[in-house]
Amino acid sequence: MNKRYRLGEIEEAVAEMEELIDIEDDIAEIDDEFQIVVSGWSVYVESLNLTLRQGIACVWDAEEGLFMPDFDVTIVYEGNIETQEWLCYEQDGMVVTLGNWLNGRLSCEQIEQLWCELIIPKQNKEQKESEE
């Protein structure tokens, strides 16, 4: 069940959706000292053929022996995230990150008005239904 929104409204809508809490996160980038954990859901902007995901940049804490959250990020992918590496990530929200990626080709007001689709993975919905 994918839902359509204006890009300027999506982050607030996502924050209020309890059903997204149970969706498994993915790891987008990892090395010995740094990793980015990204949301299992994504936002597809069809008019730009770009996918956005929210995530958390984590750094290795030698004392604790695990990765610890450091800052929130938005990650930009071209097209389908299943087949593409990410293009960039920034420590900003979706609109600002996309505006920076587009390098001024669209204003923030124009970006906020773009239609986007919230993509919720089917496997997580099916897992939840089977558990119930």
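What you see is a predicted model, and the numbers here were worked out from it, not measured in a lab. (Residues numbered from 1 in each chain as written. Predicted model: local features only at pLDDT ≥ 70, side-chain atom pairs only at ≥ 80, totals over all residues. Heavy atoms only, no water.)

Visitor: Tell me about the side chain of Ser42, and name the residues and values.
Guide: Tracing the backbone through its elements, the reader meets Ser42 in strand 4 (residues 42-45). Among residues more than four places away in sequence, those in contact with Ser42 are Thr51, Leu52, Arg53, Ile81, Glu117, Leu118 and Ile119. (Helix = DSSP H or I, 4+ residues; strand = E, 2+ residues; numbered from the N terminus. Contact = heavy atoms within 4.5 Å.)

Visitor: With reference to specific residues and values, describe the environment of Lys122.
Guide: With respect to the helices and strands, Lys122 occurs in helix 4 (residues 122-131). Classification of Lys122 as exposed rests on a relative accessible area of 61%. Between the C-alpha atoms of Lys122 and Asn2, which are 120 residues apart in sequence, the distance is 9.7 Å. (Buried < 20%, exposed > 50% of the residue type's maximum accessible area, 1.4 Å probe, protein only.)

Visitor: Hey, could you go over the pairing of strand 8 (residues 115-119) for me, with residue numbers and the actual values?
Guide: Alternating positions in strand 8 separate cleanly, Cys116 and Leu118 being buried on one face and Trp115, Glu117 and Ile119 remaining unburied on the opposite face. Where strand 1 (residues 3-6) lies against strand 8, four bridges are found, and the strand directions are antiparallel. Note on strand 8: the bridge partner recorded for Tyr5 is Cys116. Sheet analysis places strand 4 next to strand 8, joined by three bridges and oriented antiparallel. Pairing of Val43 across the sheet is with Leu118, part of strand 8. (Pairing = 2+ DSSP bridges.)

Visitor: Now, about the pairing of strand 5 (residues 50-61): what can you tell me, with residues and values included?
Guide: Relative to strand 5, strand 3 (residues 34-38) runs antiparallel, the two being bridged by five bridges. The residue of strand 5 that forms the bridge with Val37 is Ile56. For strand 4 and strand 5, the ladder comprises three bridges, and the chain directions are antiparallel. Among the inter-strand pairings, Tyr44 is bridged to a residue of strand 5, identified as Thr51. Across 12 bridges, strand 5 lies against strand 6 (residues 66-78) in antiparallel orientation. Bridge assignment links Leu50 to a residue of strand 6, and that residue is Glu78. Remark: four residues form the turn of the hairpin made by strand 5 and strand 6, two consecutive strands paired antiparallel; Gly65 in that turn has positive phi of roughly 75°.

Visitor: Give a detailed account of the packing of aromatic side chains, specifying residues and quantitative values.
Guide: The description of an aromatic ring pair rests on the distance of the ring centres and on the angle between the ring planes. Scanning all chains against the criterion turns up three aromatic pairs. Ring centres of Phe34 and Tyr89 lie 6.2 Å apart, and the angle between their planes is 25°; on these two criteria the pair is classed as stacked. Of this pair, Phe34 sits in strand 3 while Tyr89 is found in strand 7 (residues 86-90), placing the two residues 55 residues apart along the sequence. Overall, Tyr89 belongs to the partly exposed group, its relative accessible area being 30%. When the ring of Trp86 is compared with that of Tyr89, the centres are 5.2 Å apart and the planes differ by 70°; the resulting orientation is edge-to-face. (Phe/Tyr/Trp six-rings, centres within 6.5 Å; stacked < 30°, edge-to-face > 60°.)

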